[in-house]
Amino acid sequence: MPMTNKPDLRFWQIWNLSFGFFGVQIAYSLQSANISRIFSTIGADPHSLSYFWILPPLMGILVQPIVGTLSDRTWTRFGRRIPYLLVGAIAAVVVMCLLPNAGSFHLSIANAMIFGLVALMLLDTSINMAMQPFKMLVGDMVNEKQKGFAFAIQSFLCNAGSLAGYLLPIFFTLIGISNIAAPGVVPDSVIYSFYIGAAILILCVIYTAIKVKEMPPHEYAKFHGFEIQPAAKEKSNVIVLLKKAPKVFWSVGLVQFFCWAAFMYMWTYTNGAIAKTVWNTTDVHSAAYNEAGNWVGVLFAVQAIGSIIWALLLPRFKSYKAAYSISLLIGAAGFISTLFIHDQYLLFASYLLIGCAWAAMLAMPFTILTNALSGKNMGAYLGLFNGTICIPQIVAALLGGLLLSLVGSVQVNMLALAGVLLLLGALAIRFIKLRVEN
């Protein structure tokens with residue numbers, strides 16, 4: 001069936017497709033900035049911290065391919081992707097109110113850890129269920145000419161959400177909410193941040209659900225060049241799809257491996273790294289450690305600002321590969337520079353540079369991949385492609401404790417290792433061959 005070109009969308013149509021991502025990313029950034037802090041507060045050993053980070057990517061690799069495959073075959077009056085978005089967001093709101101309270105129920109350390117792990121697993125399941133449809137909506141509804149811009153808008157909203165989520169704990173601290181608590185209990189500044197983040201998440205997702213009208217089945221098929229087959233004839237499975245995947249699926253996946261492993265180490269070890277290098281403490285119950293924990297949110301917010309600025313510049317590059325590789329090289333310099341900085345404000349420069357890599361990671365891979373896919377199995381392929389995000393994080397988490405021991409149990413050295421991984425990712429970009437495949 002010949003493919004009809006999709007019409008250009010107006011700015012606000014593209015904006016509405018991704019606006020809910022702002023709320024989802026607030027939830028994700030609260031998790032990213034505070035999971036190590038929460039589990040350290042409960043009683044986790046630094047050498048075990050990376051193991052708690054296995055759950056987020058593990059849930060992603062399980063949930064997102066399922067959501068992608070099922071939504072490819074879902075047609076309701078509410079759309080095909082939006083029902084999954086709504087269910088995931090509602091579940092995330094509930095769990096966000098539970099997770100930061102893991103140490104507040106007078107449980108033993110072991111039981112508090114178990115409670116926290118179960119809550120984290122459920123939060124990651126729901127966030128992944130809510131996050132994946134946004135990438136699919138852009139792939140479904142935006143033409144190739146506007147797709148780079150659409151993913152840049154998504155990157156902008158994603159980083160704006162990150163900025164809000166990272167700053168919430170320090171905001172509550174500044175207005176007088178306690179940033180310290182009894183041993184084993186998470187401070188109220190963090191707990192209230194999760195509550196407010198949950199409220200913003202559901203409001204943003206409802207906005208997108210109301211404003212976006214997905215294509216009906218026959219219109220979608222016309223714009224993506226395939227005929228709708230009866231369910232009995234649809235026999236594509238994961239193995240078949242992977243065998244038929246375009247080459248860029250694998251070459252971009254190699255780059256993704258190095259990038260996401262690097263950021264896993266940033267999320268895991270920044271808190272301990274700057275607590276030691278700037279505040280000169282390793283006592284997780286001290287006021288200094290909790291001040292460092294708040295500053296992690298500030299640094300991640302600075303990273304988000306760098307990402308927002310860089311996301312606006314990315315569409316100006318004439319070459320996707322050049323934009324991608326330059327961004328990763330800049331990010332690598334940011335990570336490595338943390339070895340030499342012992343002032344909390346000078347770290348702004350490092351995290352601004354890191355933000356450039358993050359902006360490219362959010363926009364470039366999906367732009368390149370969706371331009372190489374037909375629409376028939378768009379959701380399934382994007383779900384499977386999430387494996388290139390999740391697998392490296394799982395590998396990095398499993399190896400984190402061992403690597404930390406190998407670098408002298410100095411957490412800032414893990415940030416330098418993240419820089420080396422981004423350098424390898426930039427080198428791997430040379431293997432990507434850009435072409436459209438239907």
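The structure under discussion appears in the preceding block.
The model shown is predicted, which means the values in this text are computed figures rather than measured ones.

S.K.: Can you lay out the environment of L312 for me, pointing to particular residues and giving the numbers?
M.R.: Position of L312 among the secondary structure elements: in helix α11 (residues 287–313). Residue classification places L312 among the exposed positions, given a relative accessible area of 54%. Sequence spacing of L312 and A359 is 47 residues, and the spatial spacing of their C-alpha atoms is 9.3 Å.

S.K.: Describe the packing of helix α12 (residues 320–337) against helix α13 (residues 347–370), and please don't skip the residues or the numbers.
M.R.: Packed helices, taken two at a time, are described by the angle their axes make and the gap between the axes. The geometry of α12 relative to α13 is characterised by a closest axis approach of 7 Å and an angle of 150° between their N-to-C directions. One element, α12, and the other, α13, form an angle in the roughly antiparallel class. Of the two possible hands of crossing, α12 and α13 adopt the one that is left-handed. Residues Y320, A323, Y324, S327, L328, I330, G331, A333, G334, F335 and S337 of α12 form the contact with α13, whose participating residues are S350, L353, I354, C356, A357, A360, M361, M364, P365, T367 and I368. Looking at the contact of α12 with α13, its residues break down into 16 nonpolar, 6 polar and no charged.

S.K.: Report on the packing of aromatic side chains, specifying residues and quantitative values.
M.R.: Centre-to-centre distance and the angle between the planes together describe a pair of aromatic rings. A full pass over the atoms with the stated rule returns 30 aromatic pairs. Geometrically, the ring pair formed by F19 and Y207 is edge-to-face, given 4.9 Å between the ring centres and 65° between the ring planes. Taken together, the residues F19 in helix α1 (residues 11–42) and Y207 in helix α7 (residues 188–211) connect sequence positions 188 residues apart. Three or more aromatic residues joined by ring pairs form one cluster here, namely F11, W12, W15, F19, F22, F149, F156 and Y207. Above the ring of F431, the side-chain terminus of R430 is found at 5.2 Å from the ring centroid.

S.K.: An account of α11 is needed here, citing residue identities and associated values.
M.R.: With 27 residues, α11 extends 39 Å from end C-alpha to end C-alpha; this agrees with the ideal 39 Å at 1.5 Å per step. In terms of burial, α11 is largely enclosed, as 20 of its 27 residues are buried.

Rules used throughout
- Residues numbered from 1 in each chain as written.
- Predicted model: local features only at pLDDT ≥ 70, side-chain atom pairs only at ≥ 80, totals over all residues.
- Heavy atoms only, no water.
- Helix = DSSP H or I, 4+ residues; strand = E, 2+ residues; numbered from the N terminus.
- Buried < 20%, exposed > 50% of the residue type's maximum accessible area, 1.4 Å probe, protein only.
- Axes fitted to C-alpha atoms, helices over the stretch in contact; angles between N-to-C directions.
- Parallel < 35°, antiparallel > 145°, perpendicular 65-115°, else oblique.
- Left-handed = near helix turned anticlockwise from the far one by under 90°.
- Contact = heavy atoms within 4.5 Å.
- Nonpolar A, V, L, I, M, F, W, Y, C, P; charged D, E, K, R; others polar.
- Phe/Tyr/Trp six-rings, centres within 6.5 Å; stacked < 30°, edge-to-face > 60°.
- Lys NZ or Arg CZ within 6 Å of the ring centre and 35° of its normal.
- Expected span 1.5 Å × (residues − 1).

Function cannot be read off these values alone, since they describe shape.
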